[in-house]
Amino acid sequence: MKINFKITVFLLLFMVSAIGCEKKEEVEEQVNVETLTLKSAFSDDFFIGSAVNDNHINGKDTLALQLIGKEFNTLTPENIMKWMNIHPEENTFNYDMSDQYVALGEKNNMHIVGHTLVWHSQLAPYINTISDSATMADNLKSHINTIVGKYKGRIHSWDVVNEALNEDGTLRESIFLKVMGNDYINYAFQLAALADPAAELNYNDYNLWKPEKRAGVVQLVKDLQAKGTKIDGVGMQAHWSLEGPSIEDIENSILAYSDLGVKVMFTELDVTVLPNPWDLNGAAVEQNYDKFEGDPTMNPYPNTLPDSIQNKLAKRYEDIFNLFLKHKDKISRVTFWGVHDGQSWLNDWPIKGRTNHPLLFDRKLNPKKAYQQIIGLKKQN
Ligand code: XIL
């Protein structure tokens, strides 16, 4: 009897402690899941990041900065490294903001992107006055050598050429094309590779899901490769909407680009929820829709986003991230174009003064349903 009693007590204690352990494991599991952030959730898949603006870089926006440090492991400068800002005159380079930007990325141990070296928009005015090929080549050389050289080993990835294609896949008549001919693209990539051989060099553009434009990118990459010029990736900007593009079109582009042996990146992701009754023609920043300013039908959610649209946005992001995860072996980075809705360029483009809700964090920096949905994809696994 005594022995049996001892054995029973022992067994009971053993069972209680075993149940206790199981509970603890469950709790620990829950804690881990609850504390998932974007960067921890997708750490085995791709870099995940955000574009940052002046107030992030100079440290004034402390709340957004905390969020950036917690959620993201890659940064892109929204405006400060564009030609008109970093190199406004032939012999003037402004490194004040770019130095702070790189320091911010380094402090957080992040993958640091340079955006962008050669683009027809937000260009310094002196470039538009150049009319001969040799002078243009000299200016490209000075711009790329100086900036890429200055941040050699510190900026890990460059958008070397941005938006060089028309919607039909032909080359855009930019000042660079007009003055130098189509070799300006090859020249820009060669200069960047010389200035920092270890940096990742990418071509970046919008509407790269479109079959005709996709064919243009494929040609562009093949031309560079045929010349032995280094190109590492294609950045699909990904300024999308609730309705389009289709997952199938995006997928076809992922496959077409990765078939060329280059990485695919989603470099400027946002999903507009506002009406676009005109043909927006992608994200060309020079389009102007002043006549719609102040029109309430074009700004239907000035205060909060109704649940029905919040849910649609969450579903859209879920579909998009399901595709990204399906092709995580081909995708190296996903970057949102802004930290939270209040800072998105889509509040002022293409119509000024609207209230858009395109990102994962709302104006109070709280995660939206879309955020939970995306993190939820990882919880399931
Ligand atoms: C946008 C910025 O977000 C705005 O603040 C600025 O006024 C215009 O440019 N494609 C790009 C980005 O490559 O650099 C653009 O950024 C959005 C479209």
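Going by the structure above, here's the rest.
Here goes a summary of the coordinates provided. (Residues numbered from 1 in each chain as written. Predicted model: local features only at pLDDT ≥ 70, side-chain atom pairs only at ≥ 80, totals over all residues. Heavy atoms only, no water.)

**Things to note about the overall build of the protein chain**
Then comes step 1: When helices and strands are counted, the protein chain shows 13 helices and 9 strands.
Then comes step 2: For the protein chain, the residues scored as buried account for 54% of the 381 residues in total.
Then comes step 3: Pairs at least 24 apart in sequence give 79% of the contacts found in the protein chain among residues at least 6 apart.
Then comes step 4: Of the roughly 17400 Å² that the protein chain leaves accessible, carbon and sulfur atoms contribute 52%. (Helix = DSSP H or I, 4+ residues; strand = E, 2+ residues; numbered from the N terminus. Buried < 20%, exposed > 50% of the residue type's maximum accessible area, 1.4 Å probe, protein only. Contact = heavy atoms within 4.5 Å. Areas by Shrake-Rupley, 256 points an atom, 1.4 Å probe, with all protein chains shown as cover.)

**Considering empty space enclosed by the protein**
Then comes step 1: In total, this model carries 2 cavities of 30 Å³ or more according to the counting rule given.
Then comes step 2: Lining the largest cavity are Val118, Trp119, His120, Val161, Asn162, Glu163, Ala164, Arg172, Ser174, Phe176 and Tyr184.
Then comes step 3: By residue class, the composition of the lining of the largest cavity is 6 nonpolar, 3 polar and 2 charged.
Then comes step 4: Of the pockets and cavities examined, the second largest cavity occupies roughly 30 Å³.
Then comes step 5: Tyr206, Asn207, Leu208, Trp209, Met236, Gln237, Ala238, His239 and Trp240 together form the lining of the second largest cavity. (1 Å grid on protein atoms, 1.4 Å probe; cavity = no way out; pocket = protein on both sides within 12 Å on 5 of 7 lines; lining within 4 Å. Points joined across faces, edges and corners; volume = space filled by probe spheres on them. Nonpolar A, V, L, I, M, F, W, Y, C, P; charged D, E, K, R; others polar.)

**Observations regarding the packing of aromatic side chains**
Then comes step 1: Tallied over the entire structure, the rule returns 16 aromatic pairs.
Then comes step 2: When the ring of Tyr289 is compared with that of Phe292, the centres are 6.2 Å apart and the planes differ by 40°; the resulting orientation is tilted. Neither Tyr289 nor Phe292 differs from the other in exposure class; each is buried.
Then comes step 3: A connected cluster of aromatic rings, assembled from ring pairs, spans Phe42, Phe46, Trp240, Phe266, Tyr317, Phe321, Phe324 and Phe336.
Then comes step 4: The ring of Tyr95 has Lys150 lying over it, and the distance from NZ or CZ to the ring centre is 4.5 Å.
Then comes step 5: In this structure, Lys213 is placed above the aromatic ring of Tyr206, and the distance from its NZ or CZ to the ring centre is 3.8 Å. (Phe/Tyr/Trp six-rings, centres within 6.5 Å; stacked < 30°, edge-to-face > 60°. Lys NZ or Arg CZ within 6 Å of the ring centre and 35° of its normal.)

**Points about the site of the ligand**
Then comes step 1: Taken together, 14 residues sit near the ligand, with Glu78, Lys82, His115, Glu268 and Trp337 positioned nearest.
Then comes step 2: Glu78 places a side-chain nitrogen or oxygen 2.5 Å from an oxygen atom of the ligand.
Then comes step 3: Take His115: an N or O atom from its side chain is 2.7 Å from an oxygen atom of the ligand.
Then comes step 4: For the ligand, whose free accessible area comes to 420 Å², the fraction covered by protein is 83%.
Then comes step 5: Of the residues that constitute the shell around the ligand, the class distribution is 4 nonpolar, 6 polar and 4 charged. (Near = heavy atom within 4 Å. Polar contact = N/O pair within 3.5 Å; in protein donor to acceptor, adjacent residues only side chain to side chain.)

**Quick word on helix α4 (residues 62–71)**
Then comes step 1: Every buried residue of α4 is accounted for by Ala64, Leu67, Ile68 and Glu71. Down the axis of α4, the sector holding all buried residues measures 100°, keeping them to one side. (Arc of directions from axis to C-beta.)

**Section: the pairing of strand β6 (residues 233–236)**
Then comes step 1: The alternating pattern of β6 places Gly233 and Gly235 and Val234 and Met236 on opposite faces, both of which are buried.
Then comes step 2: Relative to β6, strand β5 (residues 200–205) runs parallel, the two being bridged by 4 bridges. Its bridge partner lying in β6, Asp205 is registered against Met236.
Then comes step 3: Direction of pairing for β6 relative to strand β8 (residues 263–272): parallel, over a ladder of 4 bridges. Note that in β8 the partner of Gly233 across the bridge is Lys263. (Pairing = 2+ DSSP bridges.)

**Let's talk about the pattern of salt bridges**
When charged atoms on two side chains of opposite charge get close, those side chains can pair.
Then comes step 1: Evaluated as defined, the whole model comprises 14 salt bridges.
Then comes step 2: Where Glu106 meets Arg154, a salt bridge forms, and the shortest distance between an N and an O atom there is 2.8 Å. Of this pair, Glu106 sits in helix α6 (residues 96–107) while Arg154 sits in the loop between α7 (133–150) and β4 (157–162), and the two are 48 residues apart along the sequence.
Then comes step 3: Looking at Arg154, the relative accessible area reads 30%, which means it is partly exposed.
Then comes step 4: For Asp329, the salt bridge identified is with Lys330, shortest N-O distance 3.3 Å. (Salt bridge = Lys/Arg side-chain N within 4 Å of Asp/Glu carboxyl O.)

**What to know about the packing of helix α10 (residues 211–226) against helix α11 (residues 247–258)**
Then comes step 1: Packing of α10 against α11 brings their axes to within 10 Å, and their N-to-C directions diverge by 10°. Put simply, α10 runs roughly parallel to α11. Seen from α10, the contacting residues are Pro211, Arg214, Val217 and Val218; seen from α11, they are Asp249, Asn252, Ser253, Ala256 and Tyr257.
Then comes step 2: Residue composition of the contact of α10 with α11, grouped by class: 5 nonpolar, 2 polar and 2 charged. (Axes fitted to C-alpha atoms, helices over the stretch in contact; angles between N-to-C directions. Parallel < 35°, antiparallel > 145°, perpendicular 65-115°, else oblique.)

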